[in-house]
Amino acid sequence: MNMNMIFLYGYEFLVMFIPFIIVFGIFAHYYKVQGIKMPKAELSLIIIFALYIIGVYHFTGSGTLYNSMMYGFNANRFMVNLIPFSREIDTLGYMLNVLLFVPLGFLVPVLWEKGRSFLYTFRVGIALSLLIEASQLINNRSFDVDDLILNTVGGIIGFLVFMIVNKCTKSKIEMKNVPVSFLVICVLIPFAARFFLYNEMGFANIIYGF
C-alpha cells in the first residue's frame, strides 16, 4: 500500500471517526452529569463497536452526497434485485457478507440489554443492512436482496455465538448501564458524516493531481 492510499483511507476514517467521537463525548458527559456511571470498559467497548461500524461502511462502500452528484439516484430494475439468489453465485462474496455482520450480532447483545432479545438484534441487523444497501443506489451500485439476507444471517450467527459464550462462561459478558442512544450514535453519526463529508474523488484529485 503506497502513501497516497494511506492518506485516502486515513481521510475516510477521520471523516467518520471525528464527528462520532465528538457526539460520543457530549453524550458520555451528559449521562455522567445525570448520574449514569459507565465504567471505562463499557466506554471503550462502545468505541470499538463504532470502529467496527466505520469498517462496515468502508468495506461496503455506503453512498455519499458526492456520489449522488456524480451518478444520481438509480432505482431502475437493473439496479435493484428483489429476487433472492437469482443471480450468479459468488461464494466468496456471500461468505464475506455473512462474516461482516457476525460481530454486529455478537456486540449488540453484549452492550445493550435490549439486544439480548433475538428479535431486537435481528431488527438492528436488517436496519443496518437496509441503510447500506439503499445508500448504494447513489454510488452507481445496486440494491441486492442477497446482501440483505446474508448480512442478516451473519447477525443471527453472531447472536447465537453470544448466547453460547454467555451460557458457557461463569462471568457474564453483558454490559449493564449502556443507554440505547449510544447504539444510534454508533450507527448513524459515522453514516451521516460519511454521507455529507466524504468526497473520495475530490480528495483523490488533491493527492494524485488529476
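Residues numbered from 1 in each chain as written. Predicted model: local features only at pLDDT ≥ 70, side-chain atom pairs only at ≥ 80, totals over all residues. Heavy atoms only, no water.

Draft legend 1. The arrangement of the overall build of the protein chain in detail. Helix and strand counts for the protein chain stand at eight helices and two strands. Shown N-terminal to C-terminal, the secondary structure of the protein chain runs as helices and strands in the order α-α-α-β-α-α-β-α-α-α. Taking 17 Å as the expected radius of gyration for a compact globule of 210 residues, we find that the protein chain reaches 18 Å, a close match to that expectation. Put simply, the protein chain has 210 residues, and 42% of those count as buried. Taking as baseline every contact in the protein chain between residues at least 6 positions apart, the subset at least 24 positions apart corresponds to 84%. Positive and negative side-chain charges in the protein chain, numbering 14 and 11 respectively, have mean positions lying 14 Å apart. (Helix = DSSP H or I, 4+ residues; strand = E, 2+ residues; numbered from the N terminus. Rg over C-alpha atoms; globule rule 2.2 N^0.38 Å. Buried < 20%, exposed > 50% of the residue type's maximum accessible area, 1.4 Å probe, protein only. Contact = heavy atoms within 4.5 Å. Lys, Arg positive; Asp, Glu negative; His and termini not counted. Charge placed at Lys NZ, Arg CZ, Asp CG, Glu CD.)

Draft legend 2. Focus on a nonpolar patch on the surface. A cluster of nonpolar side chains, Phe13, Leu14, Ile18, Ile22, Ile26, Phe27 and Leu51, forms an exposed patch at the surface whose accessible area comes to about 590 Å². In terms of residue count, helix α1 (residues 3-33) provides more of the nonpolar patch than any other element does, six residues in total. By the secondary structure assignment, Phe13 is in helix α1. (Patch = residues over 30% accessible without salt bridge, like charges linked within 9 Å, V, L, I, M, F, W, Y side chains within 5 Å. Areas by Shrake-Rupley, 256 points an atom, 1.4 Å probe, with all protein chains shown as cover. Salt bridge = Lys/Arg side-chain N within 4 Å of Asp/Glu carboxyl O.)

Draft legend 3. Layout of the environment of Phe106. Its place among the elements puts Phe106 in helix α4 (residues 91-111). Note: C-alpha distance between Phe106 and Val165 (59 residues apart in sequence) is 9.8 Å. The contact partners of Phe106, leaving out residues within four places of it in the chain, are Gly158, Phe159, Val161, Phe162, Val165 and Ile173.

Draft legend 4. Region of interest: the pattern of salt bridges. Taken as a whole, this structure holds one salt bridge when the rule is applied. Taking the shortest distance from any N to any O, the salt bridge between Glu12 and Arg194 comes out at 2.8 Å. With Glu12 in helix α1 and Arg194 in helix α7 (residues 181-197), this residue pair connects regions lying 182 residues apart in the sequence. Looking at Arg194, the relative accessible area reads 5%, which means it is buried.

Draft legend 5. Representation of the packing of aromatic side chains in the model. Tallied over the full model, the rule gives 17 aromatic pairs. Taken together, a centroid distance of 5.6 Å and an interplanar angle of 50° make the contact between Tyr31 and Phe182 tilted. Here the residue Tyr31 occupies a position in helix α1, and Phe182 occupies one in helix α7, the gap between them amounting to 151 residues. The pair Tyr31 / Phe182 is uniform in exposure class, with both members buried. Ring geometry for Phe85 versus Tyr94: centroids 5.7 Å apart, planes at 70°, classification edge-to-face. Ring pairing ties together the aromatic residues Phe13, Phe17, Phe20, Phe24, Phe27, Tyr30, Tyr31 and Phe182, which thus form one cluster. (Phe/Tyr/Trp six-rings, centres within 6.5 Å; stacked < 30°, edge-to-face > 60°.)

Draft legend 6. Quick peek at the nonpolar core. Of all hydrophobic cores here, the largest spans 36 residues; its most connected members are Phe49, Leu104 and Phe182. Within the residue set of this core, elements represented by two or more residues are α1, α2 (40-60), α4, α5 (118-135) and α7. Per element, the largest residue contribution to this core is nine residues, and it comes from α2. Not counting residues within four places of it along the chain, the set of residues in contact with Phe182 comprises Phe24, Phe27, Ala28, Tyr31, Met38, Ile46 and Trp112. (Core = buried A, V, L, I, M, F, W, Y, C linked by side-chain atoms within 4.5 Å.)

Draft legend 7. Spotlight on the side chain of Glu12. By relative accessible area, which is 4% here, Glu12 ends up buried. Engagement of the side chain of Glu12 in a polar contact is seen with the side chain of Arg194, the distance being 2.8 Å. Residue contacts for Glu12: discarding those within four places in its chain leaves His58, Arg194 and Tyr198. (Polar contact = N/O pair within 3.5 Å; in protein donor to acceptor, adjacent residues only side chain to side chain.)

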